[in-house]
Amino acid sequence: MTAIDHSRDVSTPRPRARNPETRRPSRTGPRTRRTLVKVLIGLILLIELYPLFWILTSSFKSQDEFLTQPLWSLPSALSWDNYVQAWTTGNLGRNTLNSIIVTLPSMAIILILGCAAAFALEVMIWRGRNNMLLFIIGGIMAPIQIILLPLFTIYFKAGLSDSYWPMIITYVGHGLPLTVFLMATYFRAVPRELFEALALDGGGPFRAFFNVGLPLVRSGVFTVALLLFFSIWNDLLIALTFNVTDDYSTIQVGLLHFNDEYGSVAYGPLFAAISITVFGTLAVYLSINQQVMKGLTAGSVKG
Amino acid sequence: MNYVLGNKKAIAVFLAPALLVYLAVMVIPVVWSFVYGFYQGNPILGFEFTGFDNFTKLFTDDTTRTATVFTLQYAAVITIGQIILGYSFALLYVFVLRKSSTFVRTMVFFPVVLPTVAVSLLFARMFQVAPQVGPVNALLGLFGIAPIDWFDSGAHAFVVIVVMDLWRTMGFYAVLLYAGLIEVPEEIIESARLDGASGFRLVRHIVLPLSLPVLLSSIIFSLNSAFKVFDSILALNNGGPGTATTPLNLYMFQTSFIYSDYGYGSTLAMLITVLCLSVTLLIFRSSRRDLTKA
């Protein structure tokens, strides 16, 4: 603080020395500067959006157009054939359903277990709770690769391999540490007086959780839910590891297999499949984008 | 008060389910995985005790060596790229666009949420030569450069991988670093401006030192995710040609599920874990030292 005050004191009595410095940006002129910024933004938008434009136009092209027409040409007709083919023969419909069946229950279980555990670790008072919190948060450091092989053995021995359970259980276990950690930081911000007041009113621990704790960390729950949604929806490693038959393939696995099987022959349907997954996810994102940015980065700033 | 918040039964009800799942899905498998390192085989055909064979193989296996070198190379390039691009975007948001940065921020961020597999398949098509030259080769054609087969050598494929993963993730680091930059007090920057600091000098001497903590956590986060790179490369070119662009994680996956050797797969998983932990600790410690010096 003292250093700042000092520098301010020094700078005020010598305006002549300061002038050329502050004028320097204006030498290029505010107008050229504004043009430069505009060009830069234009370039950024081109880099970000051109790939999307390209998938979209390609997804409407017929096989013939891929082989005979130049790259820059636009599709001659707005035909949905590629999309129909991707959705049915490509099994994308089934895959989307699988992704929903896996993602939503996983999210729900993680949030319920994670919020309750975070409440017990942050709000409830007992000996050893800090060590327990550290023990659970330690799981954030463990890379997922290390748990996959033993889990595969467990699911195989337990006869669970042929179901959605391996994916759901693994997502839940892997998502818990970060969720507990983030929810604990949200619970930390809730004023203790509220719980004291509830206790004076004769409320028990469960009312403290459901009626006071949870409503106050609602926005935190929403943020964490988004983080979980995108990480589970877009996961490939776990989904591919426990994908014993195509019946349980999620979108990511389905897209990968679709590319292996038809990618080199059916260009149009592949582009349609990419387009469906990309624009589907994009729609979710754009409808709540500020929250998404906050949610996805919360996991790393706090972690 | 303590009667309510110290209620043992309630604590057990809140904590036990999460704790049990955590123990069963994370803690026990981590220990189990370590034990697997001493065996060869898989759960379907059975295991055979091989002592330290897997660990010595780690040092003699050529593929492990190339995979480790590739992973380190990838991590170095990607982390430097992500931090430089992310920081440049963050500076652009805070100092040039200011209040109107929301739109650009959204546009640069959206690839982060896209499914990695879809992005990889898209980039494979963007860089293709057949059946139709992709946009990248077409663009090079405008400058008179003949179409390049981007997937014919490790060096070419590496370029595609880096460009793709930077496109996909730079928005994330931009928002992360942006969040750190807006925390820098306005008064400090104002007074530095009055002192005549502007442009590069303002960033170098005032903004950079003040945003060091968030920069550091970004580097740790970036390195950790780079060491675990898997889906983008698997879907782009499956680590080819040969094993030229196979990272450790992909090699671990192939060893375990294609060659069905869980023992060696576990050993590779351990190598990835050790790599992540040691780099994190290293950066943590060096940053601590710098702070005490300053």
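Calculation rules
- Residues numbered from 1 in each chain as written.
- Chains lettered and ligands numbered in written order.
- Predicted model: local features only at pLDDT ≥ 70, side-chain atom pairs only at ≥ 80, totals over all residues.
- Helix = DSSP H or I, 4+ residues; strand = E, 2+ residues; numbered from the N terminus.
- Buried ≥ 20, exposed ≤ 12 C-beta atoms within 10 Å, placed from the backbone.
- Rg over C-alpha atoms; globule rule 2.2 N^0.38 Å.
- Contact = placed C-beta atoms within 7 Å.

Quick word on the overall build of chain A
- When its secondary structure is counted, chain A shows 16 helices and 0 strands.
- Within chain A, buried positions represent 42% of all 303 residues.

Here we look at the overall build of chain B
- A count of helices and strands for chain B gives 14 helices and 2 strands.
- For 294 residues, the compact-globule formula gives about 19 Å, and the C-alpha radius of gyration of chain B, at 24 Å, lies well above that figure.
- Considering only C-alpha atoms, chain B reaches an extent of 75 × 70 × 40 Å along its principal axes.
- Burial analysis of chain B (294 residues in total) assigns 43% to the buried set.
- In chain B, of all internal contacts separated by at least 6 residues, the share reaching a separation of at least 24 is 68%.

Overview of helix α6 (residues 116-126) of chain B
- Within α6(B), 10 of the 11 residues are buried, which leaves it mostly tucked inside the rest of the structure.
- The set of residues buried in α6(B) consists of B:Thr116, B:Val117, B:Ala118, B:Val119, B:Ser120, B:Leu121, B:Leu122, B:Phe123, B:Arg125 and B:Met126.
- On its buried side, α6(B) packs onto α3 (30-58), α14 (251-262) and α15 (267-287) of chain A together with α7 (135-142), α8 (154-181) and α12 (231-237) of chain B.

Some words on unusual backbone geometry
Residues and elements named next belong to chain B.
- Unusually for a residue other than glycine, Asn238 sits at a positive phi of about 55 degrees.
- Looking at Asn238, the number of C-beta atoms within 10 Å reads 15, which means it is partly exposed.
- The phi dihedral of Ser260 falls on the positive side, at around 50 degrees, and the residue is not glycine.
- Inspection of the secondary structure puts Ser260 in the loop between α13 (248-257) and α14 (262-293).

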